[in-house]
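# Observations on chain architecture
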Amino acid sequence: MADAEVLAEVYRGDFLESVHFGHAVVARPDGTVVDSWGDPHCIILPRSSAKMLQALPLVECGAAKHLSPQQLALVCSSHSGEGRHVRIIRKWLKDLNLTEGALRCGPEPSRDRHLLEEMIRDGQPATPAFNNCSGKHTGFLTLAAHMNAGSDYTEPDHPVQKAARAAMEEMTGVDCPGYAIDGCSAPNFATSVRGLACAMAKFAVAGQKSGSRDQSAAALRDAMIAHPELVSGKGRTCADIMVAANGRVAVKTGAEGVYVAIIPDLGIGLALKVADGASRASQLAIVGLLVRLGALDPRHPIVARYLQRPIINWAGIVTGFERPAPGLLG
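Residues numbered from 1 in each chain as written. Predicted model: local features only at pLDDT ≥ 70, side-chain atom pairs only at ≥ 80, totals over all residues. Heavy atoms only, no water.

### Brief notes about the overall build of the chain
Put simply, the rule is: Runs of E in the DSSP output that reach at least two residues are strands. Runs of H or I that reach at least four are helices, and both are numbered from the N terminus. A radius of gyration in this sense is built from C-alpha atoms; the matching globule rule multiplies 2.2 Å by the number of residues raised to 0.38. Relative accessibility under 20% of the residue-type maximum defines a buried residue, over 50% an exposed one, and the middle range a partly exposed one, all with a 1.4 Å probe and only protein chains included. Should any heavy atoms of two residues lie within 4.5 Å, those residues are considered in contact. Accessible surface area values rest on a Shrake-Rupley calculation with a 1.4 Å probe, where residue burial reflects the displayed protein chains alone.
Scanning the chain from N- to C-terminus turns up 12 helices and 12 strands. At 19 Å, the chain has a C-alpha radius of gyration in line with the 20 Å of a compact globule built from 330 residues. Dimensions of the chain along its principal axes, counting C-alpha atoms only, are 60 × 50 × 35 Å. The 330 residues of the chain split such that 55% are buried. The contacts of the chain with a sequence gap of at least 6 include a subset with a gap of at least 24, amounting to 62%. Split by element, the accessible area of the chain, about 13700 Å² in all, is 52% carbon and sulfur.

Below, the structure written as structure tokens:
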């Protein structure tokens, strides 16, 4: 196996203070590796970067035929629990004749600072609709209802999760070596970095065939690109990148330093995993790689900020900066 390579650097003054190592792969739909850093075959838990894969069974079986692009974007999201996110989730649950109690993701405070402060002032409790995974879970409930399956949809042997695992294996081309329970209580199925990049490449070229899976993958991809702030939230990295890309890219973060990108006009997919799990490093690395591939303009103000992100102390003094490893930029 290849060793992990440097994906991001952190400077304090002129001193290289920290480095983040990891693995990254650019791949085509047939699994061909276009470029790689570290070990393409490294087995990882994709965490929330796999949400569009977990959502495929919902769309391809017809259970999502009445869902809007906004709902499809939320199925793929790790949202901030902003008011717009929660309103869509609550309306969707009402349409299913369900309450938030049906969600198994657990309650989470809003990540929107102003809304959180308002909720604290008003004594409003955190509820499952605010959970960053509530869109995925509402999608699971929709699929479970379509299947006439039980409400215990997070169990690994539930039909919903069996369908998610099958979609994962078929899209990645990797037999899942196991799973772990994610932060939202659903199983997260392991795969390789190369397999994850290959799956993203299949999303990139989706829509060119008439099959249900191909059309479903295109619908999820297009919903993400059309509604970046539903996929994450205002000012979050996923939304920043998709806004800067101006419709050229869909991206999705995952916990513990995972990031994926779908690049339709190049017909390729990208996946990376930072070995120490640092999200600051995965954010920098994904931007650097997208610049390398020509999918982001380094002159765009949002992009430029990630290419050399200042570190500012409490006195407002710039003490250093973070950047993608120079080797990622070509």
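### Section: the pattern of salt bridges
We count it as follows: A carboxyl oxygen of Asp or Glu within 4 Å of a side-chain nitrogen of Lys or Arg is what we treat as a salt bridge.
Counted by the stated rule, this structure contains 19 salt bridges. Ionic pairing is found between Arg305 and Asp240, a salt bridge with its closest N-O pair at 3.1 Å. Of this pair, Arg305 sits in helix H12 (residues 301-307) while Asp240 sits in helix H10 (residues 237-245), and the two are 65 residues apart along the sequence. Accessibility expressed as a relative area gives 40% for Arg305, which makes it partly exposed. In this structure Asp240 comes out as buried when scored by relative accessible area, which is 10%.

By themselves, these are just geometric observations and shouldn't be taken as functional.
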